[in-house]
Amino acid sequence: MVLPICDVCLKSGILCQGCENKLESGEITQIDLDIAKVLFKLGEGKLGFKKTIEVGDIVIIVTEKDQVGKLIGKSGKIVRELSRTVGKKIRVVGEDSDLRAVSRDILAPARVSGINVIYGTDGEEKYKVRVMMEDSRKLPGRLDILNDIIKMLTGEETVVVVDRN
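Values in this document were obtained by computation on a predicted structure and should not be read as measured data.

Trainee: So what exactly am I meant to see when it comes to the pattern of salt bridges here?
Mentor: Pairing between side chains becomes possible if they bear opposite charge and their charged atoms approach one another. Under the defined criterion, the tally for this structure stands at 10 salt bridges. In this structure, E157 engages K151 in a salt bridge whose closest nitrogen and oxygen atoms are separated by 2.7 Å. Note on E157: relative accessible area 29%, which makes it partly exposed. Linked through salt bridges whose partners overlap, the residues forming this network are R111, E134, D135 and K138.

This is the structure we're talking about:
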């Protein structure tokens, strides 16, 4: 699996010229480096990710769809270690996932009870992502930030709401 910096840099702890240039140009960030170091150590070189997106106090790790479970780890062990390392909440999302999968991954451990299409007066489509009332305390962040994250990953306009039923 691919990491944003080379194996030599991960083993030595010192960035080569190529990886240093990536960091200076903004192609990778310090959070990418921190996460890559932890994944290299815990996954013995078998874990990787495509990119990270930082929104407020949440870091989203985008990886291949079949790698999501491996990156989370057994009982969330790897995600907890990553969260402890970067000091922020971590969410893992599969690349090119659909709206339902992204919503489920971003809003976890809260459960998504349904997704509905809402048509505006101007014909604009939005999606209402419903979360169960008993899970409202489990939401990983503010609703407006979660909406922004889902839009960033899927391109779809969403409104996350808590079901009152």
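Trainee: Could you clarify how one ought to interpret the sheet that holds strand β1 (residues 51-55) in this entry?
Mentor: Note: strands within a sheet are paired through backbone hydrogen bonds, in either parallel or antiparallel orientation. Strand order in the open sheet formed by three strands is β1-β2-β3, and the pairing between neighbours is mixed. Here the strands that pair on one side only, and so sit at the sheet edges, are β1 and β3 (89-94). Recorded for the sheet is a direction-independent mean angle of 25° between the axes of neighbouring strands. Pairing of β1 with strand β2 (residues 58-63), which is carried by five bridges, proceeds in the antiparallel orientation. Counted as the bridge partner of K51 is V62 from β2. Docked against the sheet, helix α5 (residues 77-86) engages β2 and β3, running at close to 130° with respect to β3. Sheet strands touched by helix α7 (residues 143-154): β1, β2 and β3. Its angle to β2, the strand with the most contacts, is close to 20°.

Trainee: I keep staring at unusual backbone geometry and nothing clicks. Help me out?
Mentor: A negative phi angle is the norm for most residues apart from glycine, just as the trans form is the norm for most peptide bonds. In this structure, the amide linkage connecting A108 to the following residue, P109, adopts the cis form with an omega of 10°. Assignment of secondary structure puts P109 in the loop between α6 (99-107) and β4 (112-119).

What counts, and at which threshold
- Residues numbered from 1 in each chain as written.
- Predicted model: local features only at pLDDT ≥ 70, side-chain atom pairs only at ≥ 80, totals over all residues.
- Heavy atoms only, no water.
- Salt bridge = Lys/Arg side-chain N within 4 Å of Asp/Glu carboxyl O.
- Buried < 20%, exposed > 50% of the residue type's maximum accessible area, 1.4 Å probe, protein only.
- Pairing = 2+ DSSP bridges.
- Helix = DSSP H or I, 4+ residues; strand = E, 2+ residues; numbered from the N terminus.
- Axes fitted to C-alpha atoms, helices over the stretch in contact; angles between N-to-C directions.
- Contact = heavy atoms within 4.5 Å.

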